[in-house]
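An overview of the molecular structure
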Amino acid sequence: MSLSNISDDMYGHSPFSVNNDHSSGEMTGADVQIITSGGLRIPAHSCILALASPVLENIIDRPRKHRSSEKTIPILGVPCDAVAVFLRFLYSSKCTEEDMDKYGVHLLALSHVYLVPQLKQRCTKGLAGRLMFENVVDVLQLARLCNAPDLYLKCMKMVSSNFKAIEQTEGWKFLQNHDPWLELEILQFIDEAETRKKRTRRHREAQSLYLQLSEAMECLEHICTEGCMSVGPYDVEPSKNRGPCSKFSTCQGLQLLIRHFATCKRRVNGGCLRCKRMWQLLRLHSSICDQPDACKVPLCRQFKLKMQQEKKRDDARWRLLVRKVVSAKAISSLSLPKRKREEPREAINHSGVRMFEL
Ligand SMILES: [Zn+2]
Ligand SMILES: [Zn+2]
Ligand SMILES: [Zn+2]
């Protein structure tokens, strides 16, 4: 007879329904009585209990004082209906949503104490889905006691991101009075979560800057090689159609900068910030460029030569910047779907400045 058949039989006798007389003991083959905190007795089969829970197995195998006396197992400290639901799970591996609503916390405790991993898993999920501001602190305490790390983390996250509201709950006030260690643990978690958030934000901002620079590098190359919109190299036919490219906003900004750079009277030495920025971009390109001989980006070779001469003075921060720009490009090409490279370009007129006769 399989376990599920037995459980069907059991349902036939319905020994666990709330309205039933628990003390009747009419169940066929029942050889053990579970005693609940209400003093009620629920008949059960020792072989099934032993199979479902190693802790119950130990209790059942323990020698009794009087051989003739009836075997009883007290399961106290939780409502007797919760015990009934627990036993039903041991027989059938089933537990309804309604049971979970009513006795989720008790079932978690029972599953932990009597080592029933399937029920523990079920409760962990069930309770995680039922977390509310009002009960999260209680569930958190229980999750810690019952060593349920997933549930614990979920509670912690909820408390940490809704602390203002949860601070007002009865559960929190009780915790403050009775479990200062857990209070400290929670406050520490919140603190770390904030630090983590800040660090992630800072990292994301930096990453987006490196990505912008890496995009600017791509644009610089393609403006200098084939031209884009109104700006292009002096030796490329202006009649070629040039429409906005896929990196329009970066590219357009760069084109404006290039136009400025070509016409500015103050220049870098005159203290022009925009020119200085362009200068840095050209230098960055040169640091990244791996074919300076064929390269059409202005000053690429000159910068390379200068860098070789000044190798010793090449500062660490600049090298770090170069490395990060290169890796930002690598990361973005891994994580983004490949952009359409060649979109049909609209014809636009080329009244713009012809560039790079620097
Ligand atoms: Zn472009
Ligand atoms: Zn300028
Ligand atoms: Zn180059």
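Residues numbered from 1 in each chain as written. Chains lettered and ligands numbered in written order. Predicted model: local features only at pLDDT ≥ 70, side-chain atom pairs only at ≥ 80, totals over all residues.

The name an unreviewed UniProt entry assigns to the protein chain is BTB domain-containing protein, from the organism Ilex paraguariensis. Taken verbatim from the UniProt record of the protein chain, the Pathway (unreviewed entry) comment is "Protein modification; protein ubiquitination." (UniProt positions renumbered as here; feature names shortened; annotations may be inferred.)

**Let's talk about the overall build of the protein chain**
Looking only at helices and strands, the protein chain features 15 helices and three strands. Scored against the burial criterion, the 358 residues of the protein chain give a buried share of 28%. Long-range pairs, those at least 24 residues apart, make up 58% of the contacts in the protein chain with a sequence separation of at least 6. (Helix = DSSP H or I, 4+ residues; strand = E, 2+ residues; numbered from the N terminus. Buried ≥ 20, exposed ≤ 12 C-beta atoms within 10 Å, placed from the backbone. Contact = placed C-beta atoms within 7 Å.)

**Focus on the nonpolar core**
Val83, Phe86, Leu87, Leu90, Leu107 and Val139 are the most contacted members of the largest nonpolar core, which has 46 residues in total. Counting residues per element, the ones that place at least two in this core are strand S1 (32-36), strand S2 (41-44), helix H2 (46-52), helix H4 (80-92), helix H5 (97-113), helix H6 (117-128), helix H7 (136-145) and helix H8 (149-161). Of the residues forming this core, the biggest block, ten residues, is contributed by H4. Excluding residues within four positions of it along the chain, Phe86 makes contact with Leu107 and Leu110. Cys228, Val231, Cys245 and Val297 belong to the second largest nonpolar core, which has 25 residues in total. (Core = buried A, V, L, I, M, F, W, Y, C linked by C-beta atoms within 7 Å.)

**A look at the sheet that holds strand S3 (residues 71-75)**
Judged by pairing direction, the sheet is mixed, and its three strands sit side by side in the order S2-S1-S3 without closing on themselves. Each end of this open sheet is capped by a strand with a single partner; those strands are S2 and S3. Each strand of the sheet is rotated relative to its neighbour by a mean of 30°, with strand direction disregarded. With five bridges connecting them, S1 and S3 associate as parallel partners. Bridge pairing in S3 links Ile34 to Ile73. (Pairing = 2+ DSSP bridges. Axes fitted to C-alpha atoms, helices over the stretch in contact; angles between N-to-C directions.)

**Things to note about the pairing of S1**
Every second residue of S1 is oriented toward a common face, the buried set being Val32, Ile34 and Thr36 and the non-buried set Gln33 and Ile35. Hairpin connection from S1 to S2: four residues lie between these consecutive antiparallel strands, with Gly39 at a positive phi of about 85°.

**Describing helix H13 (residues 273-288)**
With 16 residues, H13 extends 23 Å between its outermost C-alpha atoms, agreeing within 8% with the 22 Å of an ideal straight helix rising 1.5 Å per residue. Of all the residues in H13, the buried ones are Cys275, Met278, Leu281, Leu282, Leu284, His285, Ser286 and Ser287. (Expected span 1.5 Å × (residues − 1).)

**Considering the confidence of the model for the protein chain**
Residues with a pLDDT of 70 or more make up 80% of the protein chain, whose mean pLDDT is 81. For residues 1-25, every residue scores under 50 in pLDDT, and the model assigns this stretch 30 contacts once sequence neighbours within four places are set aside. Predicted confidence for residues 338-358 stays below pLDDT 50, and this span has 31 contacts to residues more than four positions away or in other chains. (pLDDT = per-residue confidence, 0-100.)

**Quick notes on the environment of Arg41**
Here Arg41 lies in strand S2. Owing to 19 C-beta atoms within 10 Å, Arg41 belongs among the partly exposed residues under this scheme. The spacing of Arg41 and Cys80 is 39 residues in sequence and 9.3 Å in space, taken between C-alpha atoms.

**Concerning the packing of helix H12 (residues 248-263) against H13**
Packing of H12 against H13 leaves a shortest axis separation of 9 Å and a crossing angle of 110°. Looking at the two axes, H12 sits roughly perpendicular to H13. Seen from above, H12 lies across H13 with left-handed handedness. For the pair H12 and H13, contact is made by Leu257, Ile258, His260 and Phe261 and by Arg274, Cys275, Arg277 and Met278, respectively. (Parallel < 35°, antiparallel > 145°, perpendicular 65-115°, else oblique. Left-handed = near helix turned anticlockwise from the far one by under 90°.)

**Considering unusual backbone geometry**
The backbone of Leu115 sits at a positive phi, close to 55°, despite the residue not being glycine. Examined against the element boundaries, Leu115 turns out to sit in the loop between H5 and H6. Even without glycine at this site, Arg267 takes up a positive phi of about 60°. For Arg267, the position within the fold is in the loop between H12 and H13. We classify Arg267 as partly exposed; it has 13 C-beta atoms within 10 Å.

**A closer look at the packing of helix H11 (residues 180-225) against H12**
Contact geometry for H11 and H12: axes closest at 9 Å, N-to-C directions at 65°. Here the hand of the crossing between H11 and H12 comes out right-handed. Here Gln212, Glu215, Ala216, Cys219, Leu220 and Ile223 of H11 come into contact with H12, specifically with Thr250, Cys251, Leu254, Gln255 and Ile258. Here the contact of H11 with H12 is composed, by residue class, of seven nonpolar, three polar and one charged. (Nonpolar A, V, L, I, M, F, W, Y, C, P; charged D, E, K, R; others polar.)

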